[in-house]
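# Per-entry structural report
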Amino acid sequence: MALHLDWAGVLTGQPAQWIISGFLTTIWVTVAGSVLATVLTILLLALRLAGGKVGRGAVEAWVSLFRNTPLLVQLLFWYFAAWNVLPQSFRQYVNDDHAFSILPGDVWWLTPEFLSSAWALGLFTAAFLVEEIQAGLHAVPRGQVEAAQSQGFSPLALFRWVLLPQGLQNAWQPVLGQYLNLMKLSSLATGIGLGELTYQTRQIESFNAHALEAFAIGSALYLLLGLVMSVLFNLPRNWRALRRAAEGQHDR
């Protein structure tokens, strides 16, 4: 028996609006989680490198906690437990309608679901990013460090001009993988009611039973977003490589 797919049941009318809304919500929560993860990673690296034994111990505890507990459990904790201990006035403010909380695409970011999701994704990903970058720093040849020290580099200058650029270069692909993983893990936010892409495809399944078509479109959009993120993250490296190649041609 031939399989008949009814794409109109997904790409038109209300289902199409749900798909667009879910896709845009996935993009925005990925952006928010990535920004938070980046900021936290910088702070954790600074604490590990300059905080002494106490700082290193605090970072190790952070990494161990967030790497060794499931993200879904963390999402449920932040949404159902931690959210309810916040001041009532703050929760009421978040639940009120605010014009500034509407992102392009009619995505509301000042909601308990969005904030809890971005927060959980950022904390979880930062625990992995700090380890990836630390491994990249350890891969910098010792001779590079000794050469910089012999030139009178201060510890800060050594980190800024020698360790960090080469460490990021060494860890670039694993770091990119963590940001892509954050995007994919945003699908778990459906568990706390965030209207991202997975949530909306499941809603279409309940609405008109076009599950196969809905999940096929959802999978294609996740793949598309991952490819776009890969291209954007690799633009600086590709640009530098092209510039070095052009300089080499000019020198010859």
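Computed from a predicted structure; not experimentally measured.

This part takes up helix 2 (residues 13-50). With 38 residues, helix 2 should reach 56 Å at 1.5 Å per residue; the first-to-last C-alpha distance of 56 Å fits that figure. Looking one or two places after helix 2, you find glycine 52, whose phi comes out positive at around 70°.

Our next topic: the pattern of salt bridges. In a structure, side chains of opposite charge can pair up when their charged atoms sit close to one another. Across all of its chains, the model carries 3 salt bridges by this definition. Its salt-bridge partner being glutamate 131, residue arginine 48 comes within 2.7 Å of it at the nearest N-O pair. Placement of arginine 48 in helix 2 and of glutamate 131 in helix 6 (residues 112-138) is noted, with a sequence separation of 83 residues between them. Residue classification places glutamate 131 among the partly exposed positions, given a relative accessible area of 26%. When the shortest N-O distance is used, the salt bridge between glutamate 146 and arginine 142 registers 3.6 Å. In this pair, glutamate 146 and arginine 142 both sit in helix 7 (residues 142-150), 4 residues apart, roughly one turn of the helix.

We now examine the packing of helix 7 against helix 8 (residues 155-185). Where helix 7 meets helix 8, the closest approach of the two axes is 10 Å, and the angle between their N-to-C directions is 165°. Overall, the two elements helix 7 and helix 8 adopt an arrangement that is roughly antiparallel. Every pair of crossing elements has a handedness; the one defined by helix 7 and helix 8 is right-handed. Along the contact surface, helix 7 presents Gln144, Val145, Ala148 and Gln149, while helix 8 presents Leu158, Val162, Leu163 and Gln166.

Moving on to unusual backbone geometry. For aspartate 106, which is not glycine, the phi dihedral falls at a positive 60°. Along the polypeptide, aspartate 106 turns up in the loop between strand 1 (102-103) and strand 2 (107-108). Positive phi, close to 65°, is recorded for alanine 209, a residue that is not glycine. Topologically, alanine 209 is positioned in the loop between helix 9 (197-208) and helix 10 (211-251). For alanine 209, a relative accessible area of 62% translates into the label exposed.

With that out of the way, let us pick up the side chain of arginine 91. You can see arginine 91 is positioned in helix 5 (residues 88-95). Despite its burial, arginine 91 pairs with no opposite charge, the nearest such side chain being aspartate 96 at 12 Å. A distance of 3.0 Å separates polar atoms of two side chains, one belonging to arginine 91 and the other to glutamine 88.

A contiguous nonpolar patch, built from Leu224, Val228, Val231, Leu232 and Leu235 and spanning about 440 Å² of accessible area, is present on the exposed surface. With respect to the helices and strands, the residue leucine 235 is situated in helix 10.

What follows concerns the environment of arginine 48. Taking relative accessible area as the criterion, arginine 48 reaches 8% and is therefore assigned buried. Linking arginine 48 and threonine 125, residues 77 residues apart in sequence, is a C-alpha distance of 17 Å. Excluding residues within four positions of it along the chain, arginine 48 makes contact with Arg56, Val59, Glu60, Val63, Val130, Glu131 and Gln134. Within polar-contact distance, the side chain of arginine 48 engages the side chain of glutamate 60 at 2.6 Å. Of note is the side chain of arginine 48, whose polar atom sits 2.7 Å from the side chain of glutamate 131.

So, on to the nonpolar core. The biggest cluster of nonpolar side chains holds 57 residues, and the ones touching the most others in it are Ile19, Leu71 and Phe114. Tallying contributions element by element places helix 6 first for this core, with 13 residues. When residues no more than four places from it in sequence are discounted, the contact partners of isoleucine 19 are Val10, Leu197, Thr201, Ile204, Ile217 and Leu221.

Before going further, it helps to spend a moment on the packing of aromatic side chains. Tallying each qualifying case throughout the model produces 9 aromatic pairs. Between the aromatic rings of tryptophan 18 and phenylalanine 207, the centroid separation amounts to 5.1 Å while the plane-to-plane angle is 85°, which identifies the pairing as edge-to-face. Residue tryptophan 18 is found in helix 2, and its partner phenylalanine 207 is found in helix 9; the two are separated by 189 residues along the sequence. For tryptophan 18, a relative accessible area of 16% translates into the label buried. When the centroid spacing of 5.9 Å and the interplanar angle of 55° are considered together, the rings of tryptophan 83 and phenylalanine 90 count as tilted. Residue classification places tryptophan 83 among the buried residues on the basis of a relative accessible area of 10%. Look at phenylalanine 90 and you get partly exposed, because its relative accessible area is 37%. Here a set of aromatic residues connected by ring pairs shows up, and it is made of Phe77, Trp78 and Trp119.

What counts, and at which threshold
- Position numbers for residues start from 1 in each chain and track the written sequence from start to end.
- Residue-level local features of this predicted model are given only where pLDDT is at least 70; pairs of side-chain atoms are given and counted only at 80 or more, and the full residue set underlies all totals for whole chains, interfaces and linings.
- With hydrogens and water excluded, all non-hydrogen atoms of the structure serve as input to the side-chain values.
- Each helix is a run of DSSP H or I of at least 4 residues and each strand a run of E of at least 2, with the numbering of both proceeding from the N terminus.
- Given the number of residues in a helix, its expected span is that number minus one, multiplied by 1.5 Å.
- Only one rule defines a salt bridge in this text: a Lys or Arg side-chain nitrogen within 4 Å of an Asp or Glu carboxyl oxygen.
- Each residue is assigned to one of three classes by its accessible area relative to the maximum for its type, calculated with a 1.4 Å probe on protein chains only: buried under 20%, partly exposed between the two thresholds, exposed over 50%.
- Angles run from 0 to 180 degrees between N-to-C directions of axes, and those axes are lines fitted to C-alpha atoms, restricted for helices to the stretch in contact.
- Roughly parallel means an angle under 35 degrees; roughly antiparallel means over 145; roughly perpendicular covers 65 to 115; every other angle is labelled oblique.
- By definition, any crossing whose near helix is turned counterclockwise from its far helix by less than a right angle is left-handed, and any crossing with a clockwise turn is right-handed.
- In this analysis, two residues are considered to be in contact whenever any of their non-hydrogen atoms come within 4.5 Å of each other.
- Positive residues here are Lys and Arg, negative ones are Asp and Glu, while His and the chain termini are left out of the count.
- Here a polar contact is taken to be a pair of N or O atoms separated by no more than 3.5 Å, where protein atoms must pair a possible hydrogen donor with a possible acceptor and residues adjacent in sequence count only if both atoms sit in side chains.
- Each patch is assembled from residues with relative accessible area greater than 30% and no salt bridge, linking like charges that lie within 9 Å and nonpolar side chains (Val, Leu, Ile, Met, Phe, Trp, Tyr) that lie within 5 Å.
- All accessibility values rest on the Shrake-Rupley procedure with a 1.4 Å probe; residue burial counts only the protein chains present in the view.
- Residues grouped as a nonpolar core are buried Ala, Val, Leu, Ile, Met, Phe, Trp, Tyr and Cys residues, joined through side-chain atoms within 4.5 Å.
- Pairing of aromatic rings covers Phe, Tyr and Trp, the last counted by its six-membered ring, and requires centre-to-centre distances within 6.5 Å; plane angles under 30 degrees mean stacked, over 60 mean edge-to-face, and any other angle means tilted.

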